[in-house]
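# Descriptive structure summary
What follows is the residue order along each chain.
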Amino acid sequence: MRSIAAEAKDSPETLKDAPLTRPVRRLDEVKAAKQPVVRYAFDAESARVFSPRKTARRHRSVLPGFGLSLGFTIVYLSLIVLIPLSAVFIKTASLTWPAFLAIVTAPRVVASYRLTFGASFGAAAINTIFGLLVAWVLVRYRFPGRRLADALVDLPFALPTAVAGIALTGLFAANGWIGSLLDPLGIKVAFTPLGVLVALTFIGLPFVVRTVQPVLEQLPRELEEAAATLGASRWPIFRRVIFPVVLPALITGFALAFARAIGEYGSVIFIAGNMPMVSEITPLVIITKLEQYDYNGATAVAVVMLVVSFVLLLAINALQAWTRRRQGAQA
């Protein structure tokens, strides 16, 4: 007996009268009867073949499962981040509220807050401006020694902070190469708050450059050429085409440089002078209290720095997310 498909090829008009070797039911009838469908369901009246819906298969990943990965992540973060930070808060909780306020609002501690956060913010702002300039030059221009300049950007990453502090002190001291030129002008850098700003700027520059540089490399130059073709000058092209693209990266670089500067210690203590109420940073205050076995006082100051740093970083990240949403809405 010939199959239905063969008869359909020979005589489509006699398809309804063709004998069936097996009664065929519609796909909905098969589902209602909950009987398995081997491959296809055939409707003789409309001469259409229905394919059953394929169930989604769960592809197994090469990496370990979600539960195992999440467990390792939680354990690692707990050992490295959560448990040490919790220990700081637990130690501080042993203080009464008046004692805590007396420690964190002492004039010497408040002066160190002002210098630490102010110099960190100023250094991050300076690095945001000049980091964008350095990244632009490294990406858009080809000149002799470009690779060497690109490698020098990462020098603060590899250089020990103590070595950086000694080098900066030797340069900006009154008898140093740069300090000897600034001293006749009445500008003193070493052993002043200005020296703290210089040290924090030095260690924070790579964060901005390495954050902005990949964005500039991926920015298509056709956008600038199209704007120039429409008659835009260089400044409007930078302000309306380039700057909105690199703005999220600039905010990220600013946040990284600011966070790095707040906790800096090694490169600052050599050039700051460490004079109380003048050039003493908050990490040095914490070290001093630890050396005096004032553990409660050290943890109290550390908690204030931790909370303020977290709030500032949260605000910066919220600003970055808002900037990205705004750019997406405009696009």
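Anything mentioned here points back to the structure above.
Attention here is on the structure that accompanies the text. Each residue is numbered by its place in its chain's sequence as written, counting from 1. Owing to the predicted nature of the model, reporting of local features is limited to residues with pLDDT of at least 70; listing and counting of side-chain atom pairs is limited to 80 or more, with chain, interface and lining totals taken over all residues. Side-chain measures here rest on the full set of heavy atoms in the structure, leaving out hydrogens and waters.

Helix and strand counts for the chain stand at 15 helices and 2 strands. The cut-offs for exposure are 20% and 50% of the maximum accessible area for each residue type, with area from a 1.4 Å probe on protein chains only; residues under the lower value are buried, those over the upper are exposed, and the others partly exposed. Within the chain, the fraction of its 331 residues that count as buried is 33%. Expressed as a percentage of contacts within the chain between residues at least 6 apart in sequence, the contacts between residues at least 24 apart total 69%. Here the accessible surface of atoms and residues is derived via Shrake-Rupley with a 1.4 Å probe, and residues count as covered only by protein chains that are part of the display. Looking at the chain as shown, the accessible area adds up to about 21600 Å², and 66% of this sits on carbon and sulfur atoms. Under the scheme used here, helices are H or I runs from DSSP no shorter than 4 residues and strands are E runs no shorter than 2 residues, and both carry numbers assigned from the N terminus. Contacts between residues were defined by any pair of non-hydrogen atoms, one from each residue, lying within 4.5 Å.

This paragraph deals with the packing of aromatic side chains. In this analysis, rings of Phe, Tyr and Trp, with Trp reduced to its six-membered ring, are considered paired at centre separations within 6.5 Å, and the interplanar angle assigns stacked below 30 degrees, edge-to-face beyond 60, and tilted for intermediate values. Within the structure shown, the criterion is met by 8 aromatic pairs. Aromatic side chains Phe121 and Phe254 sit 5.4 Å apart centroid to centroid with 80° between the ring planes, which places their arrangement in the edge-to-face category. Of this pair, Phe121 sits in helix α5 (residues 107–140) while Phe254 sits in helix α12 (residues 234–262), placing them 133 residues apart in sequence. Given the relative accessible area of 14%, Phe254 is considered buried. Between Phe157 and Phe207, the ring centres sit 5.1 Å apart and the planes meet at 85°, which makes this aromatic pair edge-to-face. With Phe157 in helix α7 (residues 155–158) and Phe207 in helix α10 (residues 193–218), the pair connects residues that are 50 residues apart, well separated along the chain. The exposure class of Phe157 is partly exposed, given its relative accessible area of 44%.

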